[in-house]
Amino acid sequence: MRFSQKTGCFYPEDIFYAELPDDLIDVSQSEFAQAMGRGPDDRLQVVDGRIVVVPGAPPDSAKILSRTRSEVLSRIEAYAKTKRAQLAETADEIEIAAWGNKLRIAQAIQEQRASAADVLAFETEIAARGLGETMEKFCAKVFRRAGMFARAVGLIDGMKKNMQLLVGQAQTPDELLQLAERFQHDFDIGLQEMNFSSS
């Protein structure tokens with residue numbers, strides 16, 4: 001086996017090359033095996049006519065911390081978004097936002113100031129559900145569900161904001177990973193205390 005420092009490549013003797021670099025050195029099987037087992041940041045260098053593996057620079061701790069922080073923030077955001085969608089029983093952001101509109105309509109119906117279009121929308125949904133609900137019972141369900149959803153979203157957003165602050169203050173990658181696990185655990189406990197299932 002041969003190696004060129006100029007090209008950084010190996011050249012087996014049993015392969016014909018039309019042109020070879022002028023700095024080739026012979027490499028033993030053990031040197032070749034050592035070179036093939038080098039780390040991703042290590043480099044090969046010719047020293048005194050022999051190939052040696054030069055260790056790469058150790059990873060920059062600030063870069064590792066920054067990358068881990070970014071990954072943990074993404075995990076927290078994704079977990080919170082997933083739980084919000086589970087609570088709303090839909091991943092559709094428009095449908096999630098519709099909870100506020102349903103609450104507004106239910107309040108207007110209760111106060112007898114709803115538009116004909118809003119009343120018709122609720123009557124259509126009640127009929128589509130096929131549960132034989134009255135307008136009064138359906139509005140009561142909307143109040144209860146919208147209230148629970150609003151409390152749960154408040155819990156999600158509050159815990160997420162608090163965790164984002166803690167992530168910004170963390171000093172080590174291990175501390176960041178512990179925070180990510182703690183967020184999920186604390187969040188699930190919070191939902192259970194509100195009588196929501198985390199599944």
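Just so you know, the residues in each chain are numbered from 1, in the order the chain's sequence is written. Where totals are concerned, whole chains, interfaces and linings use all residues; where local detail is concerned, this predicted model gives features only for residues with pLDDT of at least 70, and gives and counts side-chain atom pairs only at 80 or more. Side-chain metrics rest on all non-hydrogen atoms present in the structure, leaving aside hydrogens and water.

1. Thoughts on the packing of aromatic side chains
The criterion for an aromatic pair is that two Phe, Tyr or Trp rings (for Trp, the six-membered ring) have centres within 6.5 Å, with stacked assigned to planes under 30 degrees apart, edge-to-face to planes over 60 apart and tilted to the rest. Evaluated as defined, the whole model comprises seven aromatic pairs. Relative to Phe187, the ring of Tyr79 has its centre 5.9 Å away and its plane inclined at 80 degrees; by these criteria the two rings are edge-to-face. Note that Tyr79 is positioned in helix α2 (residues 61-88) and Phe187 in helix α6 (residues 173-193), a separation of 108 residues in sequence. Across the pair, exposure class does not vary: Tyr79 and Phe187 are buried alike. Their ring planes at 25 degrees and their centres at 6.0 Å tell us that Phe183 and Phe187 sit as a pair that is stacked. Placement of both Phe183 and Phe187 in helix α6 is noted, with a separation of four residues, approximately one turn of the helix. When a residue's accessible area, from a 1.4 Å probe over protein chains only, is under 20% of the maximum for its type it is buried; when over 50% it is exposed; and in between it is partly exposed. The exposure class of Phe183 is buried, given its relative accessible area of 1%. Among the residues examined, Phe187 registers a relative accessible area of 0% and is labelled buried. Cluster of aromatic residues (ring-pair linked, three or more members): Phe3, Phe10 and Phe32. In this text, helices come from DSSP runs of H or I with a minimum length of four residues, and strands from runs of E with a minimum of two, each type numbered from the N-terminal end.

2. A short note on the nonpolar core
The biggest cluster of nonpolar side chains holds 22 residues, and the ones touching the most others in it are Val167 and Phe183. It is helix α5 (residues 135-169) that provides the largest number of residues to this core, a total of eight residues. Side-chain atoms within 4.5 Å are what join buried Ala, Val, Leu, Ile, Met, Phe, Trp, Tyr and Cys residues into a set we call a nonpolar core.

3. Side note on the pairing of strand β4 (residues 43-47)
Pairing between two strands requires that DSSP report at least two bridges joining them. Note that β4 and strand β5 (residues 50-54) share five bridges and pair antiparallel. Each residue of the ladder has a partner; that of Val46, found in β5, is Ile51. Turn length for the β4-β5 hairpin, with the two strands adjacent in sequence and antiparallel, is two residues, and the turn residue Asp48 shows positive phi of about 55 degrees.

4. Some details on the packing of helix α4 (residues 116-129) against α5
Fitted lines through C-alpha atoms give the axes, limited to the stretch in contact for helices. The angle between two N-to-C directions lies from 0 to 180 degrees. α5 packs onto α4 with a crossing angle of 95 degrees between their chain directions and a minimal axis gap of 11 Å. Looking at the two axes, α4 sits roughly perpendicular to α5. Across the interface between the two elements, Val119, Phe122, Glu123, Glu125, Ile126 and Arg129 of α4 pack against Met135, Phe138, Cys139, Lys141 and Val142 of α5. Class assignment of the residues belonging to the contact of α4 with α5 gives a composition of seven nonpolar, no polar and four charged. Orientation labels follow simple angle bins: below 35 degrees gives roughly parallel, above 145 gives roughly antiparallel, 65 to 115 gives roughly perpendicular, and whatever is left gives oblique. Contact definition: two residues touch when any of their heavy atoms are within 4.5 Å. Three categories are distinguished: nonpolar for Ala, Val, Leu, Ile, Met, Phe, Trp, Tyr, Cys and Pro, charged for Asp, Glu, Lys and Arg, and polar for the others, with Gly belonging to the last.

5. A few points about α5
When the terminal C-alpha atoms of α5 are compared, their 50 Å separation across 35 residues agrees well with the 51 Å that a helix rising 1.5 Å per residue should span. Among all positions in α5, only Phe138, Cys139, Val142, Ala146, Phe149, Ala152, Val153, Ile156, Met159, Lys160, Met163 and Val167 are buried. To estimate the expected span of a helix, subtract one from its residue number and multiply by 1.5 Å.

6. Let's talk about the sheet that holds strand β3 (residues 25-26)
Across the sheet, which stays open at both edges, the three strands sit in the order β2-β1-β3 with antiparallel pairing between neighbours. Each edge of the sheet is formed by a strand with only one pairing partner; in this case those strands are β2 (9-11) and β3. Two elements, strand β1 (residues 2-4) and β3, share two bridges in a ladder whose sense is antiparallel. Directly across from Arg2, in β3, lies its bridge partner Asp26.

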